[in-house]
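The lines below spell out each chain.
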Amino acid sequence: MASYSGFVSTFLWAIFVIQEIEFGHSNASTNVTCIGAEREALLKFKHGLTDPSRRLSSWTGEECCKWDGVECNEKTGHVLKLDLHNPCIEEIDIDFFIPSNKCKLGGKIVPSLTELKYMKYLDLSANNFSTQKIPMFIASLQKLEYLNLSSAGFDGDIPRQLNNLSKLQYLDLNSDLSLGYLTVKDLEWVSKLSSLKYLDMSNVGLSKADDWFTSINMLSSLQSLKLSFCQLQVISSSLQANFTSLRLLDISLNFMQSSIPPWIYNLSKLEHIVLSDNYFIEGRFPMAIVENFQKLAFLDISGNNLQGEFPKNMSSLCKLQVVQLQSNKFNGNISTISDGRLGCVQSKWKIFDVSFNDLGGELPNQFQDFKELEYLGLSSNKFSGTIPESIGQLSNLKKVHLGNNFLHGVVNERHFENLKSLTDLDISENELILNVSSTWIPPFQAREIQLSDCKVGPEFPKWLQTQRNITTLEMSNASISHGIHEWLYNISSNIEYLDMSRNMLRGQVPQNIGDKMPQLVWLRLSGANLTGGIPNSLCKLNKLSDIDLSKNQLSGRLPHCWRASQPLRVFSFGYNKLNGQIPKSLCNHQELLALSLPRNGFSGVIPNCLSNLQLMEILDLSYNKFTGRLPPFGEQNQSLQMINLEKNRFVGGIPPQFCQLRGLRILNLAQK
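Residues numbered from 1 in each chain as written. Predicted model: local features only at pLDDT ≥ 70, side-chain atom pairs only at ≥ 80, totals over all residues. Heavy atoms only, no water.

S.K.: Account for a positive patch on the surface, naming residues and giving values.
M.R.: A cluster of like positive charges, contributed by Lys 269, Lys 295, Lys 319 and Lys 348, occupies part of the molecular surface. By the element assignment, Lys 295 lies in the loop between helix H5 (287–292) and strand E18 (298–300). For Lys 295, a relative accessible area of 41% corresponds to the partly exposed category. (Patch = residues over 30% accessible without salt bridge, like charges linked within 9 Å, V, L, I, M, F, W, Y side chains within 5 Å. Areas by Shrake-Rupley, 256 points an atom, 1.4 Å probe, with all protein chains shown as cover. Salt bridge = Lys/Arg side-chain N within 4 Å of Asp/Glu carboxyl O. Lys, Arg positive; Asp, Glu negative; His and termini not counted. Charge placed at Lys NZ, Arg CZ, Asp CG, Glu CD. Helix = DSSP H or I, 4+ residues; strand = E, 2+ residues; numbered from the N terminus. Buried < 20%, exposed > 50% of the residue type's maximum accessible area, 1.4 Å probe, protein only.)

Shown next, in the form of structure tokens:
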């Protein structure tokens, strides 16, 4: 499941946006006369850029102070602010957005900007200046207070001359690794930026900067520090932090091999802590975080090797909104997450995620106290007992992840009574019975529903047919014994991931399934008691990546119309009654990882072109009637890990190219 990054980004923005609050220029205006030399400097700058979306189309005429992205001093006319950040965003999913390529500026940054000697604010973020180094001349803009070059594609060493920007309060050099990779040999130059309040060097290579801590320790005014994925591997436990004004600290994704550094506990003003995905941070739950940070609103220590019991006094943190402890080794139970005796109830909690730990016991029945909760993540633990009906009272709840536990009992309408905001529901891999009336209409419109291994059937639920926004529906082994045609046409056409395997669906795969579900990425209907042939309309699915129709009673031939534009990765039709030859059109799928067709009646020769699929890892054509010689596997496809060609009718010897399969783990050529 996707992480809840949308809320995290919004939360960061709301608390730590310093740009306009501290760098808004009250003396800026567009009703002033532009200074000619500065206008010419801007035009030369524009001339060096590429602007595919014509964002700078207003940069004409005499009054440059009226141009988009330009602000001037209302008395002197000097340019104070140049804000050319990419304003366009693209939605990847409901919670994740990235800058759109359509609006990115590119080209060269010419040194005419040095004429803007009074400029305090420069933002070129989220554009594409790929392969270029950060221009050295920026260091001459000594009145700069705000500099944002993040995700703009700059590459190579960051110029040390930036230490000339002594008035700088905001510096964002966060790299977009798909466009460029910034590096530094040391951070001594950063220590000269004594006015700095915000520093983001995430994704910048700091592996050679042994002085990173001592340099940043000179910045006594620093309020926000982000050094995510910077290759910081060792942090001394004996250091003392002097940047005690810090409110936000993010040193995630650095693979640090240590415990949580004690100097963090001296930063009593911290409101936002991110130590996630360091993997090798170990030890017990850091109780000092709970004891020392009464202003804490955001805590993310997920993806580490921490252990110990869940803390019983987190309710003392009255401002806490986000708790992310997933993917550690915490144990014990969470029965006391709500404890009014300590002065406050966690009514402000919005995210609570402890998935992928060793927590157990029964779920607490105080969920009604968390009225602002939006995300509840308890999956992949050892929770037992029933699901409290009090969850159904959380009207702000968007995501509920309870899968892969030992929960049992009945889930009914009361569990969803007021969940009008619900978008994701995962109660799979438990021992639950979903028992709602046939006339029930949910108060929500969900996007992702996971009910695998729950007793849902025998009929396909009518309430699911009211969900028009579903993109993911996973209901394998859900006790459904309802003919596939009787419900398939009534569910959302937005489906991207459909898993109805291990049910008794009966009937044939609909001939027009490719027209009915044009967005399909995953189609899994294995072990579903299906009969008939494979519809050609599957070839119309331009996004199809994984298809698994194995372990049915399907007959006839495979379609030969598979198109290279389909991103096929897994192609599984084993344990059926199919015959004919392998379609040569499969050879066009260079992303194919697994081709699995065992226990059918396929015949003819194996197409030699399959040996050209360089990424293929699994090839299983066992128990068929293939003849001819073996293709020269190993000549190009070094990724193969398993080849199973047992029980066929091949002739000739084993091609010498097989000796090149260095990653091969399983090879079965038995013919008897």
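S.K.: Requested: an account of the sheet that holds strand E38 (residues 577–580), with residues and values cited.
M.R.: The sheet built from 6 strands is open, its strands ordered E34-E36-E38-E40-E42-E44 with parallel pairing. Of all strands in the sheet, those with a lone pairing partner are strand E34 (531–532) and strand E44 (649–650), marking the two edges. Two strands pair when backbone bridges link them, and E34 and strand E36 (residues 553–557) are joined in this way by 2 bridges, in the parallel orientation. Among the inter-strand pairings, Gly 532 is bridged to a residue of E36, identified as Leu 554. (Pairing = 2+ DSSP bridges.)

S.K.: Please give an account of the sheet that holds strand E19 (residues 305–309) that cites residues and values.
M.R.: If you walk across this open sheet you meet the 3 strands as E17-E19-E21, and the pairing is parallel. This sheet does not close on itself; its edge strands, each paired only once, are strand E17 (282–284) and strand E21 (329–331). For this sheet, the mean inter-axis angle between neighbouring strands, taken without regard to orientation, is 10 degrees. (Axes fitted to C-alpha atoms, helices over the stretch in contact; angles between N-to-C directions.)

S.K.: I'd love a proper account of the environment of Ser 639, names of residues and values included.
M.R.: Checked against the element boundaries, Ser 639 lands in the loop between strand E42 (625–628) and strand E43 (642–644). The spatial distance from the C-alpha of Ser 639 to the C-alpha of Arg 662 is 8.4 Å, given a sequence separation of 23 residues. Setting aside chain neighbours within four positions, we find Ser 639 in contact with Gln 614, Leu 615, Met 616 and Glu 617. Engagement of the side chain of Ser 639 in a polar contact is seen with the backbone oxygen of Gln 614, the distance being 3.0 Å. (Contact = heavy atoms within 4.5 Å. Polar contact = N/O pair within 3.5 Å; in protein donor to acceptor, adjacent residues only side chain to side chain.)

S.K.: For the pattern of salt bridges, give the residues involved together with the corresponding values.
M.R.: Tallied over the full model, the rule gives 13 salt bridges. The partner of Glu 62 in a salt bridge is Arg 39, and the shortest N-O contact between them spans 3.1 Å. Residue Glu 62 is found in the loop between strand E2 (49–50) and strand E3 (70–73), and its partner Arg 39 is found in helix H3 (residues 36–47); the two are separated by 23 residues along the sequence. Look at Glu 62 and you get exposed, because its relative accessible area is 53%. Residue Arg 39 is classed as buried on the basis of its relative accessible area, which comes to 13%. For Glu 188, the salt bridge goes to Arg 160, with nearest N and O atoms at 3.1 Å. Taken together, the residues Glu 188 in the loop between strand E12 (182–183) and strand E13 (198–200) and Arg 160 in the loop between strand E10 (156–157) and strand E11 (170–172) connect sequence positions 28 residues apart. By relative accessible area, Arg 160 is classed as partly exposed at 38%. Connected through salt bridges with shared partners, the residues Arg 160, Asp 186, Glu 188 and Lys 192 form a single ionic network.

S.K.: Describe in detail the side chain of Asn 73, supporting the description with residues and values.
M.R.: Along the polypeptide, Asn 73 turns up in strand E3. Among the polar contacts listed, one links the side chain of Asn 73 to the backbone nitrogen of Thr 76, at a separation of 3.1 Å.

S.K.: Could you give an account of the confidence of the model for the protein chain, naming the residues involved and the relevant values?
M.R.: The pLDDT averaged across the protein chain works out to 90; a share of 92% of its residues lies at or above 70. Of the regions scoring below 50 in pLDDT, residues 1–21 engages in 50 contacts with residues more than four places distant in sequence or in other chains. (pLDDT = per-residue confidence, 0-100.)

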